[in-house]
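# Inside the fold
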Amino acid sequence: MSKKSKSKRKVLTTKNSARSNSRRHRDYFDSHEVYEHDAHHVSDNRIRLGLSSSSVSPMTVEETFDQAAKHGYDGVEIMVTHNAETRDVDLINGLAKDTGLEVISLHAPTLLFLPRVLHKDHWEKLRITANLAKEVGADTVVLHPPFRWQGEYALGFVDGVRAVSQETGVNLAVENMYPWRAGLREILVYYPDWNPLDEDYDNLTFDFSHASTAGMNALETVSEIFDRLRHVHLTDGAGSLKDEHLVPGTGTMPVAETLQHLAKHNWAGDVVVEVNTRFVRKQSTREKMLADSIAFAREHLGLDENAPRRYARSHTRTSERPSSRGGDGTAD
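Scope of this entry: the structure provided in the associated data block. (Residues numbered from 1 in each chain as written. Predicted model: local features only at pLDDT ≥ 70, side-chain atom pairs only at ≥ 80, totals over all residues. Heavy atoms only, no water.)

## A word on the environment of W123
On the secondary structure map, W123 appears in helix α4 (residues 122-135). Overall, the relative accessible area of 19% leaves W123 in the buried class. Distance from W123 to G160, taken between C-alpha atoms, is 7.9 Å for residues 37 residues apart in sequence. Residues in contact with W123, not counting those within four places in the same chain, are Y153, G156, F157, G160, V161 and V164. (Helix = DSSP H or I, 4+ residues; strand = E, 2+ residues; numbered from the N terminus. Buried < 20%, exposed > 50% of the residue type's maximum accessible area, 1.4 Å probe, protein only. Contact = heavy atoms within 4.5 Å.)

## Some details on the pattern of salt bridges
Evaluation of the coordinates by the stated rule reveals 13 salt bridges. Ionic pairing is found between R127 and E124, a salt bridge with its closest N-O pair at 3.6 Å. Here R127 pairs with E124, and both are found in helix α4, just three residues apart, close to one helical turn. Looking at R127, the relative accessible area reads 25%, which means it is partly exposed. With relative accessibility at 29%, the residue E124 sits in the partly exposed group. A salt bridge links R162 to D200; the nearest nitrogen and oxygen atoms lie 3.2 Å apart. With R162 in helix α6 (residues 157-168) and D200 in the loop between β8 (185-187) and β9 (204-207), this pair connects stretches of sequence that are 38 residues apart. One exposure class covers both R162 and D200, and it is buried. Here the salt bridges share partners, and the residues they tie into one network are R46, R48, E102, D139, R230 and D270. (Salt bridge = Lys/Arg side-chain N within 4 Å of Asp/Glu carboxyl O.)

## Some thoughts on the sheet that holds β9
Spatially, eight strands are ordered β2-β3-β4-β5-β6-β9-β10-β11 in a closed barrel, and the strand pairing comes out parallel. On average, adjacent strands in this sheet sit at an angle of 30° to one another, irrespective of strand direction. Relative to strand β11 (residues 269-273), strand β10 (residues 229-234) runs parallel, the two being bridged by four bridges. The residue bridging H233 from the neighbouring strand is V272, located in β11. Across the sheet, α4 touches β4 (102-107), β5 (140-143) and β6 (171-175), and the angle it forms with β5 is around 145°. (Pairing = 2+ DSSP bridges. Axes fitted to C-alpha atoms, helices over the stretch in contact; angles between N-to-C directions.)

## So, the packing of α4 against α6
Contact geometry for α4 and α6: axes closest at 10 Å, N-to-C directions at 35°. In this structure, α4 meets α6 at a crossing whose hand is right-handed. On α6, the residues touching W123, L126, R127, A130, N131 and K134 of α4 are F157, G160, V161, V164, E167 and T168. (Left-handed = near helix turned anticlockwise from the far one by under 90°.)

## Side note on the side chain of S212
Within the element layout of this structure, S212 appears in helix α7 (residues 208-214). For S212, a relative accessible area of 2% corresponds to the buried category. Here S212 is in contact with G237, A238, G239, S240, E244 and M253, once residues within four sequence places are set aside.

## Concerning the packing of helix α2 (residues 61-70) against helix α3 (residues 89-99)
The N-to-C vectors of α2 and α3 enclose an angle of 20°; their axes lie 10 Å apart at closest approach. As judged from the angle between their axes, α2 and α3 are roughly parallel. Read as a crossing pair, α2 and α3 show a hand that is right-handed. Along its contact with α2, which presents V61, E62, F65 and A69, the element α3 presents I92, L95, A96 and T99. (Parallel < 35°, antiparallel > 145°, perpendicular 65-115°, else oblique.)

## Thoughts on α6
Count 3.6 residues to each turn of an α-helix, and residues three or four apart come out pointing the same way. End to end, α6 covers 16 Å across 12 residues, agreeing with the expected 16 Å (1.5 Å per residue, within 8%). Buried within α6 are the following residues: F157, V158, G160, V161, R162, V164, S165 and T168. Of the residues one or two after α6, G169 is the one with positive phi, at around 80°. (Expected span 1.5 Å × (residues − 1).)

## So, the nonpolar core
Grouped together as the largest cluster of nonpolar side chains are 78 residues, with contacts concentrated most on F65, L172 and L262. The leading source of residues in this core is α4, at five residues. Dropping the residues within four chain positions of it, L262 is found in contact with V222, F226, L229, V232, W267 and L301. (Core = buried A, V, L, I, M, F, W, Y, C linked by side-chain atoms within 4.5 Å.)

## Some remarks on the pairing of β10
Burial analysis of β10 places five of its six residues in the buried class, which makes it a mostly covered element. Relative to β10, β9 runs parallel, the two sharing four bridges. If you follow F206 over to β10, its bridge partner there is V232. Between the parallel pair β10 and β11, the chain is carried across by helix α9 (residues 255-264), and the sense of this crossover is right-handed. (Right-handed = clockwise from strand over helix to strand, strands pointing away.)

## Comments concerning a nonpolar patch on the surface
Where nonpolar side chains cluster on the molecular surface, the patch consists of L112, W149 and W180 and spans about 340 Å² of accessible area. Inspection of the secondary structure puts W180 in strand β7 (residues 180-182). We classify W180 as partly exposed; its relative accessible area is 30%. (Patch = residues over 30% accessible without salt bridge, like charges linked within 9 Å, V, L, I, M, F, W, Y side chains within 5 Å. Areas by Shrake-Rupley, 256 points an atom, 1.4 Å probe, with all protein chains shown as cover.)

Printed below as a string of structure tokens:
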């Protein structure tokens, strides 16, 4: 029997504390040495580095593979959308064969603007996505928690996710989200919660940008969910109320420290770059963002032994960091 949710009550709104929490966490990492500069940690287990198709949106699936191959990624994550290419098994398998890349994961169409992609029934949607994942060789499906208004799907989500995973043999890794804001209140639109820590999920995805928006302590959270952490969306945030998806190292989250923690403790899982390049004007700028992101991952996971430790929080204070907007290529 699965354990019950630790969440004692499912309130609709609560006091908006994300910004103050974010500031408090940032101040802590600015004043405490956490990153081990003189140590080289690398996991005994293989950690694959992938590129999400959402990082090159609105480019095509083929261009996702091309960019991943060009910059030395191990594989890709495909976000399933209205675009038929994102669920074309023959196309995806052909591109994987041509580029030599793995399909690391699929992202289920559980976003607000994808309510009827694949199927109008939410459980059938997850089953179809999981079976698509098997057909393209991916062993993980990333998915968001439900919205409150999604009825029985939301009420039975924790047990239902486990059942679909057992039925299909695919890991369903639930992603941390964030509360929505209305003035001084946070509206808790996700059910059972935007924060998956309090629920009995077998597999979890951790997203640094979502954590930034929610005011979470990334290092503390990852340490707590370590045994259930299957998947990481590598990005960054600057503590804004917007979901920013910055290039890692250009925000204020302890991304370097968290990656080093994973390497030091022999984590096994996949790290997928999910940065926002949608509004970038130049292809060269987009490519630099993708190149910088995998370089950051390799550096702090210990996969590039000779790399300088450029972006560790305890090395470069927040006030000394490059701006997360404009000239450093993170957004136009």
